[in-house]
Amino acid sequence: MDTTFPLTAGLIASMLHVIAGPDHLAAVAPFAIESKRKAWKIGLFWGIGHLVGMIAIGLLFAIFKEIIPVDTISQYSEQLVGVVLVGIGCWSLYRIFKKRRHHKHLHVHTENAPVIHSHEHKHEHNPTHHHQHSEALKQNNFASFSIGILHGLAGISHFLLFLPVLGFETQSDSIAYIIGFAIGILVAMITFAFVIGKVSSVVKNGHNEIFFNGIRFAGGLFALVIGIYWIFST
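Within each chain, residues carry numbers counting from 1 in the order of the written sequence. A pLDDT threshold of at least 70 governs which residues receive local features in this predicted model, and a stricter bar of 80 or more applies before side-chain atom pairs are shown or counted, although totals over entire chains, interfaces and linings include all residues. Excluding hydrogens and water, the side-chain figures rest on all heavy atoms present in the structure.

A. Summary view of helix α3 (residues 39-64). Put simply, DSSP marks the helices as runs of H or I at least four residues long and the strands as runs of E at least two long, and each gets a number from the N terminus on. Expected helix span is taken as 1.5 Å per residue step, with the number of steps being one fewer than the number of residues. The end-to-end C-alpha separation of α3 is 37 Å, in line with the 38 Å expected for 26 residues at 1.5 Å each. The cut-offs for exposure are 20% and 50% of the maximum accessible area for each residue type, with area from a 1.4 Å probe on protein chains only; residues under the lower value are buried, those over the upper are exposed, and the others partly exposed. For α3, the full list of buried residues reads A39, I42, G43, W46, G47, G49, H50, L51, G53, M54 and I57.

B. Quick peek at the packing of aromatic side chains. Between rings of Phe, Tyr and Trp, where Trp is taken as its six-membered ring, a pair exists when centres lie within 6.5 Å; planes separated by under 30 degrees are stacked, by over 60 edge-to-face, and by other angles tilted. For the structure on display, the rule yields 5 aromatic pairs. A centroid spacing of 6.4 Å and a plane angle of 85 degrees characterise the contact between F97 and F217, whose relative ring orientation is edge-to-face. Of the two residues, F97 is situated in helix α4 (residues 70-97) and F217 in helix α8 (residues 209-233); the sequence distance between them amounts to 120 residues. Three or more aromatic residues joined by ring pairs make a cluster, and in this case those are F168, Y177 and F181.

C. Seen up close, the side chain of H24. Examined against the element boundaries, H24 turns out to sit in helix α2 (residues 22-35). Any two residues having at least one pair of non-hydrogen atoms within 4.5 Å are treated as being in contact. When near neighbours in sequence (up to four residues on either side) are disregarded, H24 contacts H17, V18, W46, H50, H151 and M189.

D. Structural detail: helix α1 (residues 4-19). Given a rise of 1.5 Å per residue, 16 residues ought to cover 22 Å, and the 22 Å separating the end C-alpha atoms of α1 matches this to within 8%. Within α1 the residues assigned to the buried category are P6, G10, S14, H17 and V18. Taken down its axis, α1 places every buried residue within 95 degrees of arc, on the same side. In α1, the exposed residues that point more than 90 degrees away from the buried face are F5, L16 and I19. This arc corresponds to the set of directions leading from the helix axis out to the C-beta atoms.

E. Summary view of the nonpolar core. In this text, buried Ala, Val, Leu, Ile, Met, Phe, Trp, Tyr and Cys residues form a nonpolar core when linked through side-chain atoms within 4.5 Å. Formed by 29 residues in total, the largest nonpolar core has its most connected members in V28, W46, L85, I88 and I185. Secondary-structure elements contributing two or more residues to this core are α2, α3, α4, α5 (134-153), α7 (171-205) and α8. Setting aside residues no more than four positions away along its own chain, L85 makes contact with D23, A26, A27, A223, L224, I226 and G227.

F. Focus on the packing of α3 against α7. To obtain an axis, a line is fitted to C-alpha atoms, over the contacting stretch when the element is a helix, and the angle between two such axes runs from 0 to 180 degrees between their N-to-C directions. Where α3 contacts α7, the two axes come as close as 7 Å, and the packing angle between them is 150 degrees. Relative to α7, the element α3 is oriented roughly antiparallel. Viewed along their axes, α3 and α7 form a crossing whose handedness is right-handed. Of α7, the residues touching α3 (which contributes A39, W40, G43, L44, W46, G47, I48, H50, L51 and M54) are F181, A182, I185, L186, M189, I190, A193, F194 and G197. Note on terminology: angles under 35 degrees are roughly parallel, angles over 145 are roughly antiparallel, angles of 65 to 115 are roughly perpendicular, and the others are oblique. The handedness criterion is simple: a crossing whose near helix is rotated anticlockwise from the far helix by less than a right angle is left-handed, and one whose near helix is rotated clockwise is right-handed.

As structure tokens, this is what we get:
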């Protein structure tokens, strides 16, 4: 049986769900800007977390709806999303305006494609100089995953996106819709994070510090504004 239609429907529904949610974009953008070339991982981890959160709230609703106030959990999760977004915005702005404790000078990164850029660091008596960015990237990935879970838990409206499942005549069509939905969430956010990270990487490597900080400021301000709105609108 042809499952192209339910697969496509799930794909489109989830991609629109991700892109049309300013809180989704506001949460990922600052991390993607800082991660630059590895930004697609930020989108991937957020997408996985979002799916985990949606499954969790769905199971709670299906199994314990008479015992656990799932709608209350969802409401508080919405407010917590706002608080987290405010925190992300403040973190992003702090990174721009914090005092430089160490001086900068130009050097070359030889990993992958050689890149010359300025980098803040301390001198060490070592013939080779390597920068370890992996720890920060791991922290950003984990933070993105955690925020994705929170977004998944927030909003009973997520169940509306699964209503088409009840309308399909066969189980294979319902499964195809769910698979398409999951793929769409991952594709949409990975693409968004990749584009943001690519632009940031090009600007940063082009030594345009003012433009790069402008992008960071925009991302932080976006998260801050959406966070404040989310807190007072829920």
